[in-house]
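# Close look at the chain arrangement
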Amino acid sequence: MGRLKKSYGQHLLVSRGVLEKIAGSLDIQDKDVVVEIGGGTGNLTRVLLEYPLRKLYVLELDPEMVEKLSTIEDDRLEVIRADAGRFDLCSLGEELKLVGNLPYNVGSLIVENVVFHHNCVPVGVFMLQKEVALKLTLKSETGWLAVFLNTFYETSYLMSVPPRFFVPPPKVDSGVIRCVRKEAPPELDMKRYKGFLTKLFADRRKMLKKKIPERVLLKSGIDPRARVEELSVEDFLRLYNVYQEER
Ligand code: SAH
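A few points on the structure. (Residues numbered from 1 in each chain as written. Predicted model: local features only at pLDDT ≥ 70, side-chain atom pairs only at ≥ 80, totals over all residues. Heavy atoms only, no water.)

## What about the site of the ligand?
Taken together, 20 residues lie around the ligand, and Q10, G38, E60, D83 and N101 are the ones closest in. A distance of 2.6 Å is found between an oxygen atom of the ligand and a side-chain nitrogen or oxygen belonging to E60. The side chain of N101 places a nitrogen or oxygen atom 2.8 Å from an oxygen atom of the ligand. Contact with the protein chains removes 98% of the 570 Å² of surface that the ligand exposes when unbound. Counting atoms within 2 Å of the grid points, the majority share of the ligand lands in the largest pocket. Breaking the shell around the ligand down by element, the ones donating at least two residues are β1 (12-13) and β3 (55-60). (Near = heavy atom within 4 Å. Polar contact = N/O pair within 3.5 Å; in protein donor to acceptor, adjacent residues only side chain to side chain. Areas by Shrake-Rupley, 256 points an atom, 1.4 Å probe, with all protein chains shown as cover. 1 Å grid on protein atoms, 1.4 Å probe; cavity = no way out; pocket = protein on both sides within 12 Å on 5 of 7 lines; lining within 4 Å. Sits in = over half its atoms within 2 Å of the grid points. Helix = DSSP H or I, 4+ residues; strand = E, 2+ residues; numbered from the N terminus.)

## Notes on unusual backbone geometry
Put simply, V167 and P168 share a cis peptide bond, and its omega is -15°. Note that P168 resides in the loop between β8 (166-167) and β9 (174-181). Notably, D27 is not glycine yet its phi reads approximately 50°, a positive angle. Within the secondary structure layout, D27 lies in the loop between α1 (16-24) and β2 (33-37).

## Notes on the packing of aromatic side chains
With the rule as written, the count across this model stands at 9 aromatic pairs. Between the aromatic rings of F152 and Y193, the centroid separation amounts to 6.3 Å while the plane-to-plane angle is 85°, which identifies the pairing as edge-to-face. Of the two residues, F152 is situated in helix α6 (residues 144-152) and Y193 in helix α7 (residues 190-201); the sequence distance between them amounts to 41 residues. Neither residue differs from the other here; F152 and Y193 are each classed as buried. The structure contains a cluster of three or more aromatic residues connected by ring pairs, namely F116, W144, F148, F152, Y193, F196, Y240 and Y243. (Phe/Tyr/Trp six-rings, centres within 6.5 Å; stacked < 30°, edge-to-face > 60°. Buried < 20%, exposed > 50% of the residue type's maximum accessible area, 1.4 Å probe, protein only.)

## Topic: the nonpolar core
Residues L59 and Y193 are the most contacted members of the largest nonpolar core, which totals 54 residues. Non-local contacts of Y193, meaning those with residues more than four positions away in its chain, are made with V147, F148, T151, F152, L188, F236, L237 and Y240. (Core = buried A, V, L, I, M, F, W, Y, C linked by side-chain atoms within 4.5 Å. Contact = heavy atoms within 4.5 Å.)

## Looking at the side chain of T142
Tracing the sequence through the fold places T142 in the loop between α5 (130-136) and α6. A relative accessible area of 18% means that T142 is categorised as buried. Ignoring any residue separated from it by four or fewer positions in sequence, one finds T142 in contact with F201 and R204.

As structure tokens, then:
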């Protein structure tokens, strides 16, 4: 194996048990189109191919890894050199199961891109830096991306994975999360909703009335003196809808 590149966030998962748990939590059926993000040398790819899936796309940015992945012989596999943080996921199908041991430096960007494409992604299972995984499943202090994700998905924290299960071992613990799209996700202008959330989370200690007109907050049933971390996902959505009407 050649040198692993830090800039690409390459920490290969080498625990068969964890790989199987990740693949198993996707509940793969024979009709499924699965998309793996960041295939690396193919550890997870090979486990995924043990399932009776219809098609497996692997998105990988590093050309050397793309070459390695392309040596795996399986008619159902298609390796695509792409940046998963920008890739148009819906170009691969209408119902995709996403999975990946994400590169930690761009994990959040990739999750954001998934949320933008939630119309074609009913399920996603991702390994991230543990701290990020906890935030995204609302287990610790929230941020705009956690709210963005949880507006469209039911999220759960599946397990923690210690550094020794990777080569080379990362400096931090990892966590696996599962995202299952809500039954009736709200239909929103995604860019506008993202802008609204990032605006609210800037200067998070300021009272909400410094960022949103007081009458909009009152009409949404939210205390104008509250701070952004006191709001639930439902509050954000209600507030956004009133804000749109009152513009
Ligand atoms: N799934 C493999 C490798 C995980 S490491 C395993 O568990 O063993 C993360 C992988 O993501 C690396 O192979 C890295 O090259 C790739 N990667 C980094 N940035 C990426 C991006 N923006 N889009 C797609 N893949 C990326």
